[in-house]
Amino acid sequence: MGMATPKETQFHVLAVDDSLIDRMLIERLLKTSSFHVTAVDSASKALNFLGLVEDMASEIHQDVDVNLIITDYCMPGMTGYDLLRKIKESKSLKDIPVVIMSSENVPSRINRCLEEGAEEFFLKPVQLSDVHKLKPHLMKSRVKEEQDQQPINNKRKIKEEFHSPDKTRVKCIS
Amino acid sequence: MDAGQMKRQWVDYIKSLFVEGFLDGQFLQLQQLQDENNPEFVVEVVSLFFEDSERLLKDLSFALEQKGVDFKKVDAHVHQLKGSSSSIGAQRVKNACIAFRNFCEEQNTDACLRCLQQVKQEYCLVKNKLETLIRLEQQIVAAGGSIPTMELSF
């Protein structure tokens, strides 16, 4: 990843939703707000895109620059909540703001996501006014990234990290 | 009819769809997301909705015809249909799905079958309405006009 090169000013959002209609919608909403968008239809594809390969013991930090992840909660296989947890457990990805979307207004679900580190929880159908709430989180991350880009303390080297979908297994590996 | 008259017809028609509850504010959101760079956005999403719904309704019929009905599966299909109808603003379809899910929970096959009929009916109605609306839009554009930007004031 080019450390010294200035970043594009456009923010890159990764949208995750198994519904094609909702993916079209979120993509249009985000693009209308001048975001660069990558949309995938599953949490596992999202993890692949982010460089976190499931079941493998190492995490390769790629040249993928994602500034925000917005994901549906209810998805077959890995849910948006599972995705959120995996991202927050990852050293290289945990600072990427994550937003959860759901068609169901379940307070316990909302709280769980916020407690796990989600920045926002949007009820579907997502509105333009919701998307406008994203910019502050992105600005905050960008400021933090710029502060992190110290010449000596370069955190962007390729890291190796032991990952496991099940926390208890990590103990056995080490 | 000139473009101006067609536009007024379009406005009256879409207003009636809101008043009768076929569409809700979400449909206006879709219109707002359409612009010169994405002039076909609404048609694309609506077409997707038709395809998606028809597939789901088939799957629902099939699932409910089984000897041992898998209510989890039925509920999953209804959840999907509820989601997509909500996303495009097809209010009556969405509401019919909400009622449907309650009966899935109760695992009541007969009630589910009745709900399915209800959902099918609402779907057919809104499909006709949307097709009419889109036809009107195409006529306006063909006559050199542009689709009015709606603001919900009713």
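In this text the structure is predicted, and so the values were computed from the model without any measurement.

Draft legend 1. Geometry of the UniProt feature "domain: HPt" (unreviewed entry) in chain B. Residues annotated by UniProt as "domain: HPt" (unreviewed entry) correspond here to residues 38-143 of chain B. Secondary structure across residues 38-143 of chain B divides into 88% helix and 0% strand, with the first and last C-alpha atoms of the span separated by 19 Å.

Draft legend 2. Region of interest: the pattern of salt bridges. Residues and elements named next belong to chain A. Within this structure, the stated rule accounts for 17 salt bridges over all chains. A salt bridge links E104 to R109; the nearest nitrogen and oxygen atoms lie 3.5 Å apart. Bridged by salt links that share partners, the residues D17, D22, D72 and K124 form one connected network.

Draft legend 3. Representation of the sheet that holds strand β1 (residues 12-16) of chain A within the structure. All names here are of chain A. Judged by pairing direction, the sheet is parallel, and its five strands sit side by side in the order β2-β1-β3-β4-β5 without closing on themselves. Each having just a single partner strand, β2 (36-40) and β5 (120-123) make up the two edges of the open sheet. On average, each strand axis in the sheet is inclined to that of its neighbour by 20°, with strand direction left out of account. This element, helix α3 (residues 80-89), spans β1, β3 (68-72) and β4 (98-102) of the sheet and lies at about 175° to β4.

Draft legend 4. Region of the structure containing the packing of aromatic side chains. Inspection of the entire model under this criterion finds four aromatic pairs over all chains. Ring geometry for F11 of chain A and F35 of chain A: centres 6.5 Å apart, planes at 45°, overall tilted. Note that F11 of chain A is positioned in the segment before β1 and F35 of chain A in the loop between α1 (20-32) and β2, a separation of 24 residues in sequence. Both rings, one in F50 of chain B and one in Y123 of chain B, keep their centres 6.3 Å apart while their planes meet at 80°; by these two values the pair is edge-to-face. Here the residue F50 of chain B occupies a position in helix α3 (residues 41-65), and Y123 of chain B occupies one in helix α6 (residues 109-142), the gap between them amounting to 73 residues.

How each quantity is defined
Residues numbered from 1 in each chain as written. Chains lettered and ligands numbered in written order. Predicted model: local features only at pLDDT ≥ 70, side-chain atom pairs only at ≥ 80, totals over all residues. Heavy atoms only, no water. UniProt positions renumbered as here; feature names shortened; annotations may be inferred. Helix = DSSP H or I, 4+ residues; strand = E, 2+ residues; numbered from the N terminus. Salt bridge = Lys/Arg side-chain N within 4 Å of Asp/Glu carboxyl O. Pairing = 2+ DSSP bridges. Axes fitted to C-alpha atoms, helices over the stretch in contact; angles between N-to-C directions. Contact = heavy atoms within 4.5 Å. Phe/Tyr/Trp six-rings, centres within 6.5 Å; stacked < 30°, edge-to-face > 60°.

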